[in-house]
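Breakdown of the fold
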Amino acid sequence: MRSLKRSEPRSPPEQYGLGFHRSERAVSGFETAFFSGARQHAFFFESGRGESMSANLEAFLAALAAVQDEGCGAFRDAQQASDVEAARIRFLGAKSGAFKEIEKQFAEIEKSEKRIAGMKLNEVKTALKAALDTALAAVQGEQGGARSGTFDMTVPGVELSMGHVHPITQTIDHLKEIMGRMGFEAAEGPEVEDPWHNFVALNIPEDHPARDPLDNFYLSTARVIGGEGPLSEVHRTEPMNYLLRSQTSTVQIRVMESRRPPIRVISLGRVYRPDAPDATHYPMFHQMEGLMVDAGVTMANLKTVLRVFANNYLGSDVQIRFRPSFFPFTEPSVEVDFWWNGGWIEFGGAGMVDPAVLTAVGYDPQEVTGFAFGLGVERLCMRRHGITDIRDLYSGDLRFLNQF
Ligand code: DAH
């Protein structure tokens, strides 16, 4: 038995290879392997039988090689999770696995040979573990992972990403809450409307420019008028009597048609106009419509309600201003401006419900009066949060939306 010393001659790497004769070259091969790294060891130890090795080390290395061969084979052949687990216990079991048994023999290896033995020990362990991992991955892939019988409870769970309420919906909820405290109840109406509710009952006659097809999304239906088979059909689109509502004032009519005064409602929802999108326009936006009808309702009530609303939503220092205007469904009509952050900003329109509208829904204008208003929800939301481009609200960009 001889020890390996660095001073002993080494073979150049090119001489170390498959072609050497064990008897002649074993010693130098051994040394080359020792000084040039673990990969070369692997080759040498599996092939070499040098007289330089003690019988003890030789047996140890042979046992390791055998357990590596057998173990890797077993992992490779495993068909299902239970096979992998059986092989794991047999070869890598912590108490009496085949590898463990050999490892116990390490204590018997002579001091001078411990380093070689230790390296081989590590190498075989790494190889067996790699084979185990590969086998696990293979059976998990086949059996859908979680059911394969291996569950690592130390792996952190998959974090659920919680969605949250869109800023416009948050605004709508907030507006409902403020108006609710003043006794206004939320009402809803359809987004696909007929001309009666969108125009006629609101005192907007047939020739009014607001009814221009270029200013509204009128709907049409497609009808098959000729041809045979799915690819040869000829369609004709026919105008329908419906449109996407251009204002939430439609809901005023629907509410008054179905109830008697006193009425105190708001309606929050989408409206549609064919505007090209830019920083302040979008073909779909939201309005908050307000309607109060009772005996003796006046402009003073309207102004108070809007001021209290603005003070709650935008701040207690916000002031309100009415500018004379015109809407077909109110008389008198006003534009509503709020003094906010050093300037007057227009938020919508309002006025006293036109007697023609009250008559259209069957109310007696001699008995009741009412006020109505319509405010832009996006504008309110954008002012409050400092949003400068309406398109950001509808881009679906989570980097923007997550801020609210
Ligand atoms: N419907 C109007 C628009 O979309 C806004 C409006 C103005 C609503 C005056 C009202 C009102 O209820 O009284 O421009």
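I will try to describe carefully the structure that is included in this document.

Every residue near the ligand is listed here: Gln247, Ser249, Glu289, Phe327, Thr330, Gly348, Gly349, Ala350, Gly351, Ala372, Phe373 and Gly374. Mapped onto the shell around the ligand, the elements with two or more residues apiece are β9 (343–353) and β10 (369–376). Considering each element in turn, the shell around the ligand owes the most residues, four residues, to β9.

Paired through backbone hydrogen bonds, the strands of a sheet run either parallel or antiparallel to each other. Reading across the sheet, the three strands line up as β2-β4-β3 and stay open at both edges, with antiparallel pairing between neighbours. Strands at the two margins of the open sheet, each flanked by one partner only, are β2 (192–193) and β3 (218–226). Bridge analysis of β3 against strand β4 (residues 234–244) gives seven bridges, and the strand direction is antiparallel. Counted as the bridge partner of tyrosine 218 is leucine 243 from β4.

Let's shift gears to the packing of helix α7 (residues 167–181) against helix α12 (residues 377–385). Two numbers describe how α7 lies on α12: the axes approach to 10 Å, and their chain directions differ by 100 degrees. The orientation of α7 relative to α12 falls into the category roughly perpendicular. Residues Pro167, Ile168, Thr171 and Ile172 of α7 form the contact with α12, whose participating residues are Val377, Glu378, Leu380, Cys381 and His385. Looking at the contact of α7 with α12, its residues break down into six nonpolar, two polar and one charged.

It is worth spelling out the sheet that holds strand β5 (residues 263–272) at this point. The sheet built from seven strands is open, its strands ordered β1-β5-β6-β10-β9-β8-β7 with mixed pairing. Two strands in the sheet have a free side with no partner beyond their single neighbour: β1 (185–186) and β7 (319–327). Bridging between β5 and strand β6 (residues 284–294) involves 10 bridges; their strand directions are antiparallel. Looking at β6, one finds that isoleucine 266 is bridged to glycine 290. In the packing of α7 onto the sheet, contacts are made with β1, β5 and β6, and the angle to β5 comes to roughly 165 degrees.

The biggest cluster of nonpolar side chains holds 49 residues, and the ones touching the most others in it are Leu306, Ala350, Phe371 and Phe373. Residue contributions to this core peak at six residues, all from helix α10 (residues 299–313). If we skip the residues at most four places from it in the chain, leucine 306 touches Ile320, Val336, Ala350 and Phe373.

Our next topic: the environment of methionine 292. With respect to the secondary-structure elements, methionine 292 resides in strand β6. Considered as a pair, methionine 292 and alanine 372 are 80 residues apart in the sequence and their alpha carbons are 6.5 Å apart. When neighbours within four sequence positions are excluded, methionine 292 is seen to be in contact with Ile263, Arg264, Val297, Asn301, Gly370 and Phe371.

Compared with the 33 Å implied by 1.5 Å per residue over 23 residues, the 33 Å span of helix α3 (residues 55–77) between its first and last C-alpha is a close match. Those residues of α3 lying buried are Leu57, Phe60, Leu61, Leu64, Val67, Gln68, Gly71, Cys72, Ala74 and Phe75.

Here we take up unusual backbone geometry. The omega angle of the peptide bond from proline 261 to proline 262 is 5 degrees, so this bond is cis rather than trans. Tracing the chain through its elements places proline 262 in the loop between α9 (249–258) and β5. In this model, asparagine 203 sits at a positive phi of 70 degrees, which is unusual for a non-glycine residue. Relative to the elements of secondary structure, asparagine 203 occurs in the loop between α8 (195–198) and β3. Even without being a glycine, asparagine 341 presents a positive backbone phi close to 55 degrees. Along the chain, the position of asparagine 341 falls in the loop between β8 (330–340) and β9.

Rules used in this analysis
Residues numbered from 1 in each chain as written. Predicted model: local features only at pLDDT ≥ 70, side-chain atom pairs only at ≥ 80, totals over all residues. Near = placed C-beta within 6 Å. Helix = DSSP H or I, 4+ residues; strand = E, 2+ residues; numbered from the N terminus. Pairing = 2+ DSSP bridges. Axes fitted to C-alpha atoms, helices over the stretch in contact; angles between N-to-C directions. Parallel < 35°, antiparallel > 145°, perpendicular 65-115°, else oblique. Contact = placed C-beta atoms within 7 Å. Nonpolar A, V, L, I, M, F, W, Y, C, P; charged D, E, K, R; others polar. Core = buried A, V, L, I, M, F, W, Y, C linked by C-beta atoms within 7 Å. Buried ≥ 20, exposed ≤ 12 C-beta atoms within 10 Å, placed from the backbone. Expected span 1.5 Å × (residues − 1).

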